[in-house]
Amino acid sequence: MKKSSISNTSLMTPLAVLLCAPLASQAQPTPAVAVNSGPGFAALADMAVRAPVIAGVEIRRAVRLKPAEAPGVAPGASRFFVEADLVTLLRGKGGLPARVTYLVDLPSDARGRPPKPKGQRVLLLASPVAGRPAELQLVGQDAQLDWTPATEQRLRTLATALVAPDAPPSITGISSAFHVPGSLPGESETQIFLTTASAKPVSLSVLRRPGEQPRWAVSLSDIVDETAAAPARDTLLWYRLACGLPAALPDAATAALSPEDNAAARADYAVVRAGLGPCR
């Protein structure tokens, strides 16, 4: 292996700050393990909602740390101190410097050799380190992603949706559910009202008509929108519902219903859960 020409002295200041500062100050970045393929949408959204900074960078320099400087590295991985040039900023209030630094744990190849990340273009989901605008702390174990046009576009779409005025809020629970039988056999409507972190209204409706499949929709206002529809998959609204809703209606939400209406409301909620699919 070619010996790095970077002197120990040139690394002491940033490494001392990154490796020795107290966690409470957020100056100790959480290393992340890079992956070769992009994560699923739910995993990507999990990181995006926690990341004040989403950026594309090109790695200018990557220094492999000695084991003594890299506690807690998983077997088969190496920790790197990375300097990278900013290529594109997808999210980041106040912007970023042209060059940033961070720590990342990278897996060895099939032969057990450490990677050579210099020159690679990657995507970062990170938080800025307080008081050090050029230093970033990755938000998760997969928060450095291989750059692809598709992954960048997915992150760009998420970043835009998260700051939109009508962005769907985080779901925290279900407050109540109501079921109303229709005038015809097999006709009914169920309304389910959700609780959110921002107190913004979100409700679900399930409509049944004789001879038709149940149709469900989501509304983001105080008034149930008759033109509302189910959310498209792999959107922020889909993620909020698929990953925020409980598996079944809580007992408290249906306590005021008759046994028949309770059972019908639960069956309709199951229609919603099936329509959303799992949060992977």
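As the structure is a computational prediction, the values presented were derived from the model and not from experiment.

Colleague: For this particular structure, what's the right way to read the overall build of the protein chain?
Modeller: Secondary structure assignment for the protein chain yields 5 helices and 10 strands. Long-range pairs, those at least 24 residues apart, make up 62% of the contacts in the protein chain between residues at least 6 apart in sequence. Counting every atom, the protein chain has about 14,700 Å² of accessible surface; 56% of that belongs to carbon and sulfur.

Colleague: Could you clarify how one ought to interpret the sheet that holds strand S9 (residues 202–208) in this entry?
Modeller: In a beta sheet, neighbouring strands are held together by backbone hydrogen bonds and run either parallel or antiparallel to one another. The 4 strands are arranged S7-S8-S9-S10 in an open sheet whose pairing can be described as antiparallel. Edge positions in the sheet fall to strand S7 (171–181) and strand S10 (215–219), since each has one partner strand and no second. Taking each pair of neighbouring strands and ignoring which way they run, the sheet shows an average axis angle of 15°. As paired strands, S7 and strand S8 (residues 188–196) are joined by 9 bridges and run antiparallel to one another. Looking across to S8, one finds that Gly 173 is bridged to Thr 195.

Colleague: Could you clarify how one ought to interpret the environment of Arg 121 in this entry?
Modeller: One can find Arg 121 in strand S4 (residues 121–129). Distance in space between the C-alpha atoms of Arg 121 and Asp 146 is 6.9 Å, their sequence separation being 25 residues. Not counting residues up to four positions away in its chain, the partners in contact with Arg 121 are Val 57, Glu 58, Val 87, Thr 88, Asp 146, Trp 147 and Glu 152.

Basis of the calculations
Residues numbered from 1 in each chain as written. Predicted model: local features only at pLDDT ≥ 70, side-chain atom pairs only at ≥ 80, totals over all residues. Heavy atoms only, no water. Helix = DSSP H or I, 4+ residues; strand = E, 2+ residues; numbered from the N terminus. Contact = heavy atoms within 4.5 Å. Areas by Shrake-Rupley, 256 points an atom, 1.4 Å probe, with all protein chains shown as cover. Pairing = 2+ DSSP bridges. Axes fitted to C-alpha atoms, helices over the stretch in contact; angles between N-to-C directions.

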